[in-house]
Amino acid sequence: MTAATETVLAGVGHTMLVLSGKGGVGKSTATVQLAFTLKKAGHRVGVLDIDLCGPSIPRMMGVEGRDVLTTPDGKWVPVYVDEERRLSVISIAFFLDSKSDAVIWRGPKKNGKVLYNISKKYCICPHSV
């Protein structure tokens, strides 16, 4: 981890990564189920959805079409799924104009964007899945 990433994640107790080298295996479904299960167990949970090919987590969590707000210093405030603010999400989908828009990031550009999201912007909500 970089120093910037460590600083941002300093308030995060645990981090989990749901990953597969193949599409269509249920990563988003598993992430949403895990997030709701952890919330139900009393934990604060944040989901960072970086699915570039079809970000579906906002739809699955019932927050599709909501806007990500920013603080005066430019940090993103996640979209909260519940009134208690115990479950939040940041998704690539929130930054697309349309559900049918393509995200064409490959290699270093894609990796750079993911690291940027983690180290620079997503630092309001001190919890993550």
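Residues numbered from 1 in each chain as written. Predicted model: local features only at pLDDT ≥ 70, side-chain atom pairs only at ≥ 80, totals over all residues. Heavy atoms only, no water.

Novice: Tell me about unusual backbone geometry, residues and numbers included.
Specialist: Positive phi values are uncommon outside glycine, yet Arg85 reaches one of about 60°. By the secondary structure assignment, Arg85 is in the loop between strand 4 (79–80) and strand 5 (87–91). (Helix = DSSP H or I, 4+ residues; strand = E, 2+ residues; numbered from the N terminus.)

Novice: Residues and numbers for the sheet that holds strand 1 (residues 45–49), please.
Specialist: An order of 1-5-4 is seen for the three strands of this open sheet, with the pairing classed as mixed. At either margin of the open sheet sits one strand with a lone partner, and together these are strand 1 and strand 4. Bridge count for strand 4 against strand 5 is two bridges, and the pairing is antiparallel. Residue pairing for strand 5: Val79 is matched across the bridge by Val89. Contacting strand 1 and strand 5, helix 2 (residues 27–40) crosses the sheet at an angle of about 165° to strand 1. (Pairing = 2+ DSSP bridges. Contact = heavy atoms within 4.5 Å. Axes fitted to C-alpha atoms, helices over the stretch in contact; angles between N-to-C directions.)

Novice: Go over the pairing of strand 1, please, and point to the residues and values.
Specialist: For strand 1, the buried fraction is high: five of the five residues fall into the buried class. Across the two faces of strand 1 the burial is the same, with Val45, Val47 and Asp49 and Gly46 and Leu48 all buried. Here five bridges tie strand 1 to strand 5, and the two strands are oriented parallel to one another. Of the residues in strand 5, the one forming a bridge with Val45 is Leu87. (Buried < 20%, exposed > 50% of the residue type's maximum accessible area, 1.4 Å probe, protein only.)

Novice: With reference to specific residues and values, describe the pattern of salt bridges.
Specialist: Applying the stated criterion across every chain, the model contains three salt bridges. Note that Asp82 is salt-bridged to Lys39, the shortest N-O span being 3.7 Å. In this pair, Asp82 is assigned in the loop between strand 4 and strand 5 and Lys39 in helix 2, connecting sequence segments 43 residues apart. Asp82 sits in the buried class, given a relative accessible area of 13%. Taking the shortest distance from any N to any O, the salt bridge between Lys75 and Asp73 comes out at 3.4 Å. Its relative accessible area of 29% is what places Lys75 among the partly exposed residues. Here the salt bridges share partners, and the residues they tie into one network are Lys39, Asp82 and Glu84. (Salt bridge = Lys/Arg side-chain N within 4 Å of Asp/Glu carboxyl O.)

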